[in-house]
Amino acid sequence: QVQLVESGGGLVQAGGSLRLSCAASGSFVSINNMRWYRQDPGKQRELVAGIGNGGSTTYADSVKGRFTISMDNAKNTVYLQMNNLKPEDSALYYCNAIIRTSYNGIYWGQGTQVTVSS
């Protein structure tokens, strides 16, 4: 069974940094796409950053220049380096991936909380 496990969230002061990790485990053929989303209570889940299996990346305008997504293919792990954090970055961050087993499935992690104090 494929699982995504996130880590790295926490409490940080404004201007600080955190690095989130999301590791895929289980039996699968390939990972085609990995993304980070975030969600505040009462708000819609929003895409923060994504990376394709060719290395192409995409970012929300609100995080461009501050966040960097990267992937270690050998470890089946995607990272989100978050610098110059702002209070409005506080949210539950979710990892999402399109993973091929006998078909292409969409998988979500359990979420990791990021809280930025002012």
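Calculation rules
Residues numbered from 1 in each chain as written. Predicted model: local features only at pLDDT ≥ 70, side-chain atom pairs only at ≥ 80, totals over all residues. Heavy atoms only, no water. Helix = DSSP H or I, 4+ residues; strand = E, 2+ residues; numbered from the N terminus. Contact = heavy atoms within 4.5 Å. Disulfide = S-S within 2.5 Å. Buried < 20%, exposed > 50% of the residue type's maximum accessible area, 1.4 Å probe, protein only. Salt bridge = Lys/Arg side-chain N within 4 Å of Asp/Glu carboxyl O. Core = buried A, V, L, I, M, F, W, Y, C linked by side-chain atoms within 4.5 Å. Pairing = 2+ DSSP bridges. Axes fitted to C-alpha atoms, helices over the stretch in contact; angles between N-to-C directions. Phe/Tyr/Trp six-rings, centres within 6.5 Å; stacked < 30°, edge-to-face > 60°. Lys NZ or Arg CZ within 6 Å of the ring centre and 35° of its normal.

Chemist: Would you mind going over the side chain of T112 with me for this structure?
Modeler: With respect to the secondary-structure elements, T112 resides in strand β11 (residues 112-117). When neighbours within four sequence positions are excluded, T112 is seen to be in contact with E6, S7, G8, G9, L20, A91, L92 and Y93.

Chemist: Please explain the state of the cysteines as it appears in this structure.
Modeler: Every disulfide links exactly two cysteines, by a covalent bond between their sulfur atoms. Within the structure shown, the criterion is met by one disulfide. For C22, the disulfide goes to C95, at an S-S distance of 2.1 Å. Between C22 and C95, the disulfide has an S-S torsion of -80° and is therefore left-handed. On the criterion of sequence distance, the pair formed by C22 in strand β3 (residues 18-25) and C95 in strand β9 (residues 91-100) is long-range, its members being 73 residues apart. Taking relative accessible area as the criterion, C22 reaches 0% and is therefore assigned buried.

Chemist: It is not clear to me how the pattern of salt bridges should be interpreted in this structure. Could you clarify?
Modeler: Two side chains with opposite charge may pair up if their charged atoms get near one another. Evaluated as defined, the whole model comprises five salt bridges. Note that K43 is salt-bridged to D40, the shortest N-O span being 4.0 Å. Judged by relative accessible area, which is 25%, D40 ranks as partly exposed. Residue R66 is joined to D89 by a salt bridge in which the shortest nitrogen-to-oxygen separation is 2.7 Å. Taken together, the residues R66 in the loop between β6 (57-59) and β7 (67-72) and D89 in the loop between β8 (77-82) and β9 connect sequence positions 23 residues apart.

Chemist: Just to check I follow, could you spell out the nonpolar core for this structure?
Modeler: Nonpolar side chains in soluble globular proteins tend to end up buried together. Among the nonpolar cores identified, the biggest contains 29 residues, and L4, M34, W36, L80, M82 and Y93 are the most heavily contacted of them. Of all elements in the fold, only β3, β4 (30-39), β5 (46-52), β7, β8, β9 and β11 reach the threshold of two or more residues within this core. By residue number, the principal contributor to this core is β9, which donates five residues. Excluding residues within four positions of it along the chain, M82 makes contact with G16, S17, L18, L20, R66, F67, Y93 and V114.

Chemist: What is the right way to read the environment of L11 from this model?
Modeler: Here L11 lies in strand β2 (residues 10-13). Note on L11: relative accessible area 66%, which makes it exposed. Here the alpha-carbon distance between L11 and S117, two residues 106 residues apart in the chain, equals 7.3 Å. Each residue touching L11, except ones within four places of it in the same chain, is listed here: T115 and S117.

Chemist: Looking at this structure, how should I read the sheet that holds β3?
Modeler: If you trace the four strands from one edge of the open sheet to the other, you get β1-β3-β8-β7, paired in antiparallel fashion. One side of each edge strand has no neighbouring strand; the edge strands of this open sheet are β1 (3-7) and β7. In this sheet, adjacent strand axes meet at a mean angle of 15° when their direction is disregarded. Across six bridges, the pairing between β7 and β8 is antiparallel.

Chemist: What's the story with the packing of aromatic side chains in this structure? I'm lost.
Modeler: We describe a pair of aromatic rings using the distance from one ring centre to the other and the angle between the two ring planes. Counted under the stated rule, the structure contains two aromatic pairs. Centroid distance Y94 to W108: 6.4 Å. Interplanar angle 85°. Geometry classified as edge-to-face. A residue pair is termed long-range when its members are at least 10 positions apart, and Y94 in strand β9 and W108 in strand β10 (residues 104-108) qualify at 14 residues. Classification of W108 as partly exposed rests on a relative accessible area of 38%. Lying over the aromatic face of Y94, R45 brings its terminal NZ or CZ to 3.8 Å of the ring centre.

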